[in-house]
Amino acid sequence: MITYLQQLISNSPNGLITYADYISAVLYHPELGYYMREKPKIGRQGDFITTSNISDVYGRLLAKWFFYICNQLKLPPVFCEIGAGTGRFANAFLQEWHDSVQGPIQYMIVDSSSYHQKLQRELLSPHFSFVQVESLEEIEPFSGMIFSNELFDALPVHVIEKMNGELVEVMVGITDEGKLYEQSVSLTNHEILSFLAESQLVISEKQRLEIPLAMETMLKDMSNVLNEGIMVTADYGYSNEEWNHPVHKKGSLRGYHQHKMMDNVLKFPGEMDITTHIHFDYLVQRGRQYQLELLTKLRQDEFLIKTGILKELENHYDPNPFSEVSKKNRAIRSLIMPSGMSSFFHIIIQHKGLQLREKDVFPE
């Protein structure tokens, strides 16, 4: 990866690349990128965990909720998951659909990693029918639901900062010895300036901020394949008001390596996950421009309660802490406790081509 980065950076103007180009290379290079390499990334042997990795409860609950929505809104049972990782969510979802609904479903997985696609096939085949593609462009427009969990936080971002009253873009360079470093240049990227103007974000002195220009392309592609239906985004992020809080002055760009958070994302290129908090307000504003209207934004624990997770708690007590009942109950509690994982996540539900209110998509 260092050799590739040396070539990439040396061939760039001024011998510098944007953080977006750096992140794109170290995460998504077809052979050397972190997400593409044949190496565990999620779970104990990986670098981070996700909600669907904690328990199958999450995937099973979403399957029941999707069936409810299909009946309520008269939508066809077509479900598209973007960035399915190991396939554990898909496996839990399809298992619940098979157990409870016992009806047809079209399940599509969009994942650019051939390694992850292999893991998904190993887990899901031959038990379930599903379709795998590398990009949304390969999907014919459909009506149904698009779902993603921690997708937008993994997209490449530019990094800007205010220094001496002027906005600069933080770039990435590399020494002859292969050491990566930062260098600031005057901000001239008109797309970034447009983003700031549209978002109405006020940058204070010495404040850093990640600019997710790739988010617009993703939203446009999502809207293009969704004729009519629901888009559900599970992720962590901040509103514009929260971005301006002093505690976020250093931005949110960080890495995860062997379950340790790394402030310096230039370390371990290609061997470390890189993530940022997403701009919730921009997701909503830009989505609206692509006919994705906001239905509701909920903390993940609130969303899970609305979708009926409390009904999943087993009523009887099992003294064996290792039993399936005990493990399931613990998982549910961990998902809805105020101090648990869900308190850091939000669920943004957008819809296209429908006339909806929030109460239309949740059981009473």
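Anything mentioned here points back to the structure above.
All values reported here derive from a predicted model rather than from experimental measurement.

Quick notes on the rules
- Residues numbered from 1 in each chain as written.
- Predicted model: local features only at pLDDT ≥ 70, side-chain atom pairs only at ≥ 80, totals over all residues.
- Heavy atoms only, no water.
- Helix = DSSP H or I, 4+ residues; strand = E, 2+ residues; numbered from the N terminus.
- Expected span 1.5 Å × (residues − 1).
- Buried < 20%, exposed > 50% of the residue type's maximum accessible area, 1.4 Å probe, protein only.
- Arc of directions from axis to C-beta.
- Contact = heavy atoms within 4.5 Å.
- Pairing = 2+ DSSP bridges.
- Axes fitted to C-alpha atoms, helices over the stretch in contact; angles between N-to-C directions.
- Polar contact = N/O pair within 3.5 Å; in protein donor to acceptor, adjacent residues only side chain to side chain.
- Salt bridge = Lys/Arg side-chain N within 4 Å of Asp/Glu carboxyl O.

When the terminal C-alpha atoms of helix α8 (residues 214–225) are compared, their 17 Å separation across twelve residues agrees well with the 16 Å that a helix rising 1.5 Å per residue should span. Among all positions of α8, only Met215, Met218, Leu219, Met222, Ser223 and Val225 are buried. Considered in projection along α8, the buried side chains sweep an arc of 165° and stay on one side of the axis. Check the buried side of α8 and you find it contacts β2 (78–82), β5 (142–149), β10 (226–235), β15 (278–279), α10 (280–289) and β17 (346–352).

The next point concerns the sheet that holds strand β14 (residues 273–275). Read from one edge to the other, the open sheet built from three strands follows the order β13-β12-β14, with strand pairing classed as antiparallel. Unpaired on one side and paired on the other, β13 (260–262) and β14 mark the two borders of the sheet. Ignoring strand direction, the axes of neighbouring strands in this sheet form an average angle of 30°. Direction of pairing for strand β12 (residues 254–257) relative to β13: antiparallel, over a ladder of three bridges. Bridge pairing links Gly255 to Met262 in β13.

Now for the side chain of Glu161. With respect to the secondary-structure elements, Glu161 resides in strand β6 (residues 158–163). A distance of 3.2 Å separates the side chain of Glu161 from the side chain of Arg208, its partner in a polar contact. Among residues more than four places away in sequence, those in contact with Glu161 are Glu166, Leu167, Val168, Val170, Lys206, Gln207 and Arg208.

Quick look at the pattern of salt bridges now. In this structure the tally under the stated criterion is 14 salt bridges. A salt bridge links Glu182 to Arg208, with the nearest nitrogen and oxygen atoms 2.4 Å apart. Of this pair, Glu182 sits in strand β8 (residues 180–186) while Arg208 sits in strand β9 (residues 208–211), and the two are 26 residues apart along the sequence. Take Glu182: its relative accessible area is 36%, and that puts it in the partly exposed class. Each of Arg60, Lys64, Glu96 and Asp99 takes part in salt bridges that share partners, so that together they form one network.

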